[in-house]
Structure formats: structure tokens, C-alpha cells
2 protein chains.
Amino acid sequence: MITSCFGASYKEVQIGDIVTLAQDKPFVLECGVSISNFPLAYQSYGTLNARRSNAILICHALSGDQYVCGTHPVTGKEGWWDRMVGPGKPIDTNHFFVICSNVIGSCMGSFGPKETNPATAKPYGVSFPFITLGDMVRAQALLLDHLGIEKLFCVIGGSMGGMQALEWAARLPHRIQAAMPIATSIRQSAQNIAFHEIGRQAIMADPDWCDGNYLEQRKYPAKGLAVARMAAHVTYLSESMLQQKFGRHLQGENFTYGFDADFRIESYLRHQGQSFVERFDANSYLYLTRAASYFDLTEGGRIKLTDLFAGTKVRFCVVSFTSDWLYSSIESRNLVRALNAVAANVSFTEIECDKGHDSFLLDVPEFDAVMRGFINGSAALFGISPPDGGVR
Amino acid sequence: MITSCFGASYKEVQIGDIVTLAQDKPFVLECGVSISNFPLAYQSYGTLNARRSNAILICHALSGDQYVCGTHPVTGKEGWWDRMVGPGKPIDTNHFFVICSNVIGSCMGSFGPKETNPATAKPYGVSFPFITLGDMVRAQALLLDHLGIEKLFCVIGGSMGGMQALEWAARLPHRIQAAMPIATSIRQSAQNIAFHEIGRQAIMADPDWCDGNYLEQRKYPAKGLAVARMAAHVTYLSESMLQQKFGRHLQGENFTYGFDADFRIESYLRHQGQSFVERFDANSYLYLTRAASYFDLTEGGRIKLTDLFAGTKVRFCVVSFTSDWLYSSIESRNLVRALNAVAANVSFTEIECDKGHDSFLLDVPEFDAVMRGFINGSAALFGISPPDGGVR
């Protein structure tokens, strides 16, 4: 049971499993700060087989959390990948043990800026240490240690989750057999850094942000966070999808000659901003966008991708969507080119789809087929047995 | 002499020529409100010839103003199209009389929300009536009446200025001979409506906006306006230009693990936001984005473009830029297709350029050549004589 503070509506929310990690030895973040006894919240679906070999780790995106499927405790809606994960679904929980943990820095029970700093008995706020994608992944590895899983069958993620999948493949390749980075990139582009900066500035411009101490002052930068979310949300959709879905349709019959939401797209965006405020912590948004902007597998060009992946035994499936302008297919192709150059086992699928970056979350049957094919093919290749020990 | 209030630094600024229009009969705005005796600020460059036939009207974009060239009285920098307009330049002020007026709704001396309402002796703020692109153009026509110019040689504009050029061609074709709509569209797309809404929400979220009455309260929503500008500015540039110009370059040597501007693109965007605040009125930004979002030559599909332009005698040059994702070439092509279908005299140039929407303001030699060619060719076709009466 933790206290949720989203949108300044303080309520008790039941969070699923939370483990305390780094109990024996400190966990050193890339920024240099050491942490210990920190919480990591996770959900699991399906059953681990006797050989502990059928585990799939799903890494969530910036605004996601561990509630992949089932009912979300804060929103009351279904989890963000309910269509993809479950019994009989492409990631089939009858066969695989699916884990998703809330990334550190986030706000759904894991170590993040809204948690209480034991040293001060106050929320961390912006005294929270800076975390990186690498830190998130190493924290996930500690969770696997806790669960007694030495090697993942597969790590899967889209967007910032895809970056985590790439971190796994690059830094901890001995702990995974397969990786599926979806709609992602080996580093954050200038344009994406720019959009993240806009979001942070919107939040920090809100006086209710209180220099990061809004929880203590029982305020909430709801307006700033809503603007940040609206700006980000537009980048998740393609122009053609926006045009098809909303076009210039009005809410009413005529222009109102006012600043209310005249167009349906305006009303939709306001709704997106508002519902985000009700489930996400503003400081987490600052920290996670910062972590994503810092992400660069090549460390500023100092490391070659071909060196990073030389000799890799990981089986890759790289997926991009034609209308994704946030992480375009070109970026996936660059990754695939490097993997091919080191003779990695890599398949690449560019899916023709007009739904933009969010395609990986939406109804795209071809993507379901790619997912099912890669998972089942890899399971056969690696001899992964289902939990009942029978033949799949 | 007017009082400038940008960024809450109240200073006296010398604005060029200001005429009072609608003195004899009221000017009815599309929203239904009648206005009279309203100011329109403009600049002119070059000399009107004896036949008054060499006038070129330049329509500025959303954040532009009448200071096309020379020194801007607020910023102290050169005008926004100094590279294009002047003696010997593509729009040659040795040959043509160039006019640019500040659009109504804006903030550089024309009738706009920061002007004083004579009825209350207070700034209009959000009691200012809603204006449309059509209203802006009809106000420009009143200015031409005042100047004794019956027919323009040419009307030219980029972005929201291009929409005004299209309004001229569609609604007042008898008053122009040629039109050059650049990097624009016949209507605002859903994506562009979305970005405008984000900007407005950022401004209105700022408590210093004071429900639109910040001038009276001697406050200024600087932070909100800066965020709005940052969000808009990203849309003016292409991804590839951002990548080339900024990439992932840091301000310092290493990550600071903080929320200061670590990346150069972040610092650049903050600077863009800040300098905009120093020269632009926040309420004007609300009104002008609203006007642009309302823009639709087809009036919600009720009017066919081919009907609108049937029998037009206007000579058109439509220009788009390959990397402009705000007003893509596809939108220009749709316009050109309709003009071709009514056998209009239209040329279309899609310029290969990676500088994004802002290409029309930047150093693009091919665009200069297109401009010079269209202007000089049209002048020859229509027999426009230079101001000295000699042969060009």
C-alpha cells in the first residue's frame, strides 16, 4: 500500500509486488551516487518453468509502468499492453513467465522522486539522484537475482523500453537469449532531446512545481505536466493519423470565436493532458526524460556499435513502423546494419502502418504476427519448455 | 510612439507609420464584431511609380511583423526578410514599392489585444474580438485604399503569410496580379491545430497570464509564452537540420546530471523562448494561433477550390520545401492541382532543402532565384515600370 499523490488527489493505492534491492551491497548509479535498500515494484504473469528458462522481461516506455495487462490500480483501465500479453496472446502467458518492473525514477512504487527519503522523512523531490537507462537495467538485473532467474529468455520493449532492451543486449548479453527493441534508437536524437526539454520547461514553469518540492507543500504542477504531456502526445501520432481521426472536425456546429476547445483534436489533447496528470508524477517526468535524453549506446561516438555487439549470441528482432517520426526506421536500420556487420542473428521488420510512434501499442495485426513468430521461433530454437514441462 | 510591454519591460518604442482605418464606415469582422478607427502599422520600402502599379505586399507570418528589412525597433536586429528584400535583392526595392503591414491581432502597433480599448481606457486583453485571416487581408486592403493603390503587382507570403496571399487570391483577386504562397496550405491541418493548442495552453497555464489581464496587473506570462515558442520553434526546423546543427553536442564536457541545459539544443531552445518573450505579446499569440487554426479556404469542405479559383487571372507561383513537415509539399501540390484544373497560370517549385519550414527565411540560393525569376518575369509580363519610369 503506498500513497499516491497524482494530481494532488492523495489516495491510497494498492501496488503489486515490491522488493527491496541492494540490501547486501550498495548499488552505484552512473551519476556516482550509491543507493541501497531501494524498492522496485513489479508485476509478473504466467508461471516460471522448472528450469527457470521461460522468463520474458518487458521494459515499459517513459510514461508506462509495470501494469502490462489486467486492471491498472490507479486508472482502473486495462494495462498498457493488454492486447499483446496474456493467455493465448502473442506473448503467451500460458507458456512464458512475463515480468515487468516499474523503472527506477518512475512513480508506481519503485525508487523515484516521490518516494520518501529515509534520511529526511520527506519526499526526495529534486534531491533524488539522476538515473540513467543503464541504471534502470541494472536494477532490473537485481530483480532477476532476487527471483532466481539467471538468464532471460527474451527482453522486449518499445520506445524507451526498446532502449532498455538495447542496454540489456549491449551490457548484460550473458543474461539474455533474445531481444526485441521496438520503435526505438541507439541514441536519442536532437529533435527528441528538444521535445523532452519543452516538456521539462513546461513543468518547471508551473509555480505549483515549487522548485520540485510540491509534495511537501501539498501542491501539484498539474497544468505544467498536462502541457508537457500534450506536447509529447502529438509526437506519438502521425500526421496522417491525426488528419484521418480528427481532421478539422469541430466539437460543435460552428467556430465559437473563443479559446475553448473548438476542434475535436484540441479537446482530445486536453483530455490526454488531464488523464496523464491523474496517474503520473511530475518530477518523475523530469527524471525520466532526462535519462532518455542522456541515452546513447555509443557514448558520444566513443564506442562503435560493431565493437559493442561483436560476437553477440543474442538473437535480435528489430521492429520499426513507417509512420513513426519520433524514432524513424532509419534509426532502426542503422542498428541492424551494425548487427549484420558482426554477423549477429538479427531480423528486421519495418511495418507499414500509419499510426505513428504509438503503433507498437495499438491494433496492428502484422506486428502481433511478427511478435508471435519471433517469440515462438526463438523458444523453439533455444528449447524453452512451457511451465508444465510439456512440449509446446 | 507606443508603449511596448513585452516581457514586462515597459519601454517606449518608435513604431513606423500607423494609419487609422475604417474612419468612414465600420469594418465588420468575421466574428460579427464591428470595429472602426482602428490602427494599422506598416512599413514601406522603395518608391511607388507614377501609375501606382509596382506595389508588392508582403504578408508576414505568425510571429513576424512589418519590419521586413532595416533595423527592428524592438530587437535592434535586422528585419526578418532582410536577405530577400532591398536594393538589388530578389525583391528589389529599386524597382518595386514594397509594403508590409502588421496583421491585426498582432502586437507591433496594429489593432491587437495589447492596444487600449477607448471605451474602457484599458488594454483589450481577451476582450479583444476574434480575428481571422480574412479580416487581416481585408484590413490590408483598406491600407491600400489609403495609399491609393488599386491593384497590387504581387502579394507574397510564407507560412501564415502564405495563407494571407491565398486569401487575397481567393477573395480579392481583382486587386492583385500575381501571388506567391510559400510553405503554406489551403487550410490548417489537425497536427498544426494541435501544436497551436499546446502553445495556447502553455500561455494560459501561466498564472501571470491573469486570465488575459496581465497588462493591467503589470505582470507578464513570460514562462508560458517561452514554452509556447519553444514548442513551435521545433516544428519550424527539420529533424536532419537539428541533427546536423546540434546533434548530441553538450554545452560542457560531460553530463551534469542536472536539469540545466546540458545539450546545446536545449540551450538554443531556451534562448529562442526567451528572445521571443522580449518582442511578442502573449495574448497576440493566442489570437493569431486561433486565427491560423480557423483558416480553411474550403470552409469546412463546403467550397471547392476549383470553384474558388475558376477563371482566375492571377499568376501564381507556389513554393514548398522538401523538409518542411509543418506545411509539406503534398499540401502545396493539392493547391497546384486545383489551380491547374481551372487552367490558372501557375508554376510550382518544390525546393530540395533540409532546413525545414523556416527554409523560406534562411539562406537558400535556389529560393532566391525562384523569387527573382517570378517577380521579374511577372513584371515583364504585366508591363510593370520601375519608379523612375525607365525600362527595367
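Residues numbered from 1 in each chain as written. Chains lettered and ligands numbered in written order. Predicted model: local features only at pLDDT ≥ 70, side-chain atom pairs only at ≥ 80, totals over all residues. Heavy atoms only, no water.

Residues and elements named next belong to chain B. A sheet is described by the order of its strands in space; here eight strands give the open sequence 3-6-10-7-13-14-15-16, paired in mixed fashion. Two strands bound the open sheet, and with one partner strand each, they are strand 3 (17-21) and strand 16 (345-351). For this sheet, the mean inter-axis angle between neighbouring strands, taken without regard to orientation, is 20 degrees. In the packing of helix 10 (residues 365-382) onto the sheet, contacts are made with strand 7 (55-59), strand 13 (152-158), strand 14 (176-182), strand 15 (315-321) and strand 16, and the angle to strand 15 comes to roughly 180 degrees. (Pairing = 2+ DSSP bridges. Helix = DSSP H or I, 4+ residues; strand = E, 2+ residues; numbered from the N terminus. Axes fitted to C-alpha atoms, helices over the stretch in contact; angles between N-to-C directions. Contact = heavy atoms within 4.5 Å.)

Turning our attention to the pattern of salt bridges. Tallying each qualifying case throughout the model produces 30 salt bridges over all chains. Across the pair Arg270(B) and Glu197(A) runs a salt bridge, and its minimum N-O distance is 2.5 Å. With Arg270(B) in helix 6 (residues 264-277) and Glu197(A) in helix 3 (residues 190-205), this residue pair bridges two chains. When its relative accessible area of 0% is taken as the criterion, Glu197(A) is described as buried. For Asp368(B), the salt bridge is made with Arg83(B), and the minimal N-O distance between the two is 3.0 Å. Here the residue Asp368(B) occupies a position in helix 10, and Arg83(B) occupies one in the loop between strand 7 and strand 8 (85-86), the gap between them amounting to 285 residues. (Salt bridge = Lys/Arg side-chain N within 4 Å of Asp/Glu carboxyl O. Buried < 20%, exposed > 50% of the residue type's maximum accessible area, 1.4 Å probe, protein only.)

Take the interface of chain A and chain B next. Counting residues at the interface gives 54 residues for chain A, matched by 54 residues for chain B. Taken together, the two surfaces of chain A and chain B that pack against each other cover about 4,800 Å², and 67% of this comes from carbon and sulfur. Counting across the chain A and chain B interface gives eight salt bridges. At the junction of chain A with chain B, the criterion picks out 26 residue pairs in polar contact (both at pLDDT 80 or more). Secondary structure elements with two or more residues in the side of chain A that touches chain B: helix 3, helix 4 (222-236), helix 5 (239-245), helix 6 (264-277) and helix 7 (282-294) of chain A. Here the side of chain A that touches chain B gets twelve residues from one element, more than from any other, and that element is helix 3 of chain A. Looking at the side of chain A that touches chain B residue by residue, the class counts come to 30 nonpolar, ten polar and 14 charged. (Buried area = accessible area lost by both parts, 1.4 Å probe. Polar contact = N/O pair within 3.5 Å; in protein donor to acceptor, adjacent residues only side chain to side chain. Nonpolar A, V, L, I, M, F, W, Y, C, P; charged D, E, K, R; others polar.)

Residue and element names in this part refer to chain B. Position of Gly-157 relative to the elements: it lies in strand 13. Using a relative accessible area of 0% as the deciding quantity, one classes Gly-157 as buried. Spatially, the C-alpha atom of Gly-157 lies 5.6 Å from that of Pro-181, the residues being 24 residues apart in sequence. Setting aside residues up to four positions removed in sequence, Gly-157 forms contacts with Cys-59, Gly-162, Ala-165, Met-180, Pro-181 and Ile-182.

Residues and elements named next belong to chain B. Strand 15 sits mainly inside the fold: six of its seven residues count as buried. One ladder, built from three bridges, connects strand 14 with strand 15; its direction is parallel. The partner of Ala-179 across the bridge, within strand 15, is Phe-316. Handedness of the crossover joining strand 15 and strand 16 through helix 9 (residues 329-341): right-handed. (Right-handed = clockwise from strand over helix to strand, strands pointing away.)

On to the packing of helix 6 of chain A against helix 3 (residues 190-204) of chain B. For the pair helix 6 of chain A and helix 3 of chain B, the least separation of the axes is 9 Å and the interaxial angle reads 50 degrees. Relative to helix 3 of chain B, the element helix 6 of chain A lies oblique. The interaxial crossing formed by helix 6 of chain A with helix 3 of chain B has right-handed handedness. On the side of helix 6 of chain A, the interface is formed by Ile265(A), Glu266(A), Leu269(A) and Arg270(A), while helix 3 of chain B contributes Ala190(B), Ile193(B), Ala194(B), Glu197(B), Ile198(B), Arg200(B) and Gln201(B). Grouping the amino acids of the contact of helix 6 of chain A with helix 3 of chain B by side-chain chemistry returns six nonpolar, one polar and four charged. (Parallel < 35°, antiparallel > 145°, perpendicular 65-115°, else oblique. Left-handed = near helix turned anticlockwise from the far one by under 90°.)

Bringing the relation of the copies chain A and chain B into the picture now. Rotating chain A by 180 degrees about the axis while translating it 0.0 Å along that axis superimposes it on chain B, leaving an RMSD of 0.0 Å. Considering both components of the superposition, the chain copies are consistent with a two-fold axis. Taken together, the interface assignments show that 100% of the residues at the interface of chain A recur at the interface of chain B, consistent with an identical surface on both copies. (Least-squares fit on C-alpha atoms with pLDDT ≥ 70 in both.)

Among the nonpolar cores identified, the biggest contains 214 residues, and Trp168(A), Phe309(A), Trp168(B) and Phe309(B) are the most heavily contacted of them. Apart from residues lying up to four places away in sequence, Phe309(B) is in contact with Ala169(B), Ala170(B), Leu297(B), Phe316(B), Leu335(B), Leu339(B) and Val342(B). (Core = buried A, V, L, I, M, F, W, Y, C linked by side-chain atoms within 4.5 Å.)

As a further point, take the packing of aromatic side chains. Taken as a whole, this structure holds 51 aromatic pairs over all chains when the rule is applied. Relative to Tyr294(B), the ring of Phe263(A) lies with its centre 6.2 Å away and its plane at 55 degrees, an arrangement referred to as tilted. With one member in each of two chains, Phe263(A) in the loop between helix 5 and helix 6 and Tyr294(B) in helix 7 (residues 282-294) form a pair that bridges those chains. Note on Phe263(A): relative accessible area 0%, which makes it buried. (Phe/Tyr/Trp six-rings, centres within 6.5 Å; stacked < 30°, edge-to-face > 60°.)

Here we take up the side chain of Ser359(A). Residue placement: Ser359(A) occurs in the loop between strand 16 (345-351) and helix 10 (365-382). For Ser359(A), the residues in contact, after removing those within four places along its chain, are Phe321(A), Ser323(A), Cys353(A) and Val364(A).

The next subject is the sheet that holds strand 14 (residues 176-182) of chain A. Residue and element names in this part refer to chain A. Taken together, eight strands build an open sheet; the order of strands is 3-6-10-7-13-14-15-16 and the sheet is mixed. Of all strands in the sheet, those with a lone pairing partner are strand 3 (17-21) and strand 16, marking the two edges. The sheet shows a mean angle of 20 degrees between the axes of neighbouring strands, direction not considered. Summarising the sheet, strand 15 (residues 315-321) and strand 16 pair through seven bridges and their orientation is parallel. Across the sheet, Arg-315 pairs through a bridge with Asn-345, a residue of strand 16.

Before going further, it helps to spend a moment on the environment of Ser284(A). All names here are of chain A. For Ser-284, the location among the structural elements is in helix 7. Those residues in contact with Ser-284 that sit more than four places away from it in its chain are Gly-105, Ser-106, Cys-107 and Pro-113. Among the polar contacts made by the side chain of Ser-284, one reaches the main-chain carbonyl oxygen of Gly-105 at a distance of 2.7 Å.

Okay, empty space enclosed by the protein next. Unfilled space is identified by rolling a water-sized probe across the atoms. Taken as a whole, this structure holds two cavities of 30 Å³ or more when the rule is applied. What lines the largest cavity is simply Ala202(A), Ala205(A), Asp206(A), Lys223(A), Gly224(A), Val227(A), Ala202(B), Ala205(B), Asp206(B), Lys223(B), Gly224(B) and Val227(B). Of all the secondary structure elements, the ones that give two or more residues to the lining of the largest cavity are helix 3 and helix 4 of chain A together with helix 4 (222-236) of chain B. The class makeup of the residues in the lining of the largest cavity is six nonpolar, two polar and four charged. (1 Å grid on protein atoms, 1.4 Å probe; cavity = no way out; pocket = protein on both sides within 12 Å on 5 of 7 lines; lining within 4 Å. Points joined across faces, edges and corners; volume = space filled by probe spheres on them.)

To continue, consider the domain arrangement of chain A. Residues and elements named next belong to chain A. Here the domain parsing of chain A yields domain 1 (3-192 + 298-382) and domain 2 (193-291). On a C-alpha basis, the centres of domain 1 and domain 2 stand 24 Å from each other. Between domain 1 and domain 2 the total buried area reaches about 3,400 Å² when both faces are included, carbon and sulfur atoms providing 64% of it. Between the two partners, domain 1 and domain 2, sit one salt bridge. Among the ionic pairs, Lys-122 bridges to Glu-216, the shortest N-O distance being 3.6 Å. Counting across the interface, domain 1 meets domain 2 through 20 residue pairs in polar contact (both at pLDDT 80 or more). For the side of domain 1 that touches domain 2, the secondary structure elements donating two or more residues are strand 12 (122-123), helix 1 (133-147) and helix 3. (Domains from an automatic or database assignment.)

Residue and element names in this part refer to chain B. With 15 residues, helix 1 (residues 133-147) extends 21 Å from end C-alpha to end C-alpha; this agrees with the ideal 21 Å at 1.5 Å per step. Most of helix 1 sits inside the fold, with eleven of its 15 residues counted as buried. For helix 1, the set of buried residues is Leu-133, Gly-134, Asp-135, Met-136, Val-137, Ala-139, Gln-140, Ala-141, Leu-143, Leu-144 and Leu-147. Gly-148 sits one or two residues past helix 1 and shows a positive phi near 75 degrees. (Expected span 1.5 Å × (residues − 1).)

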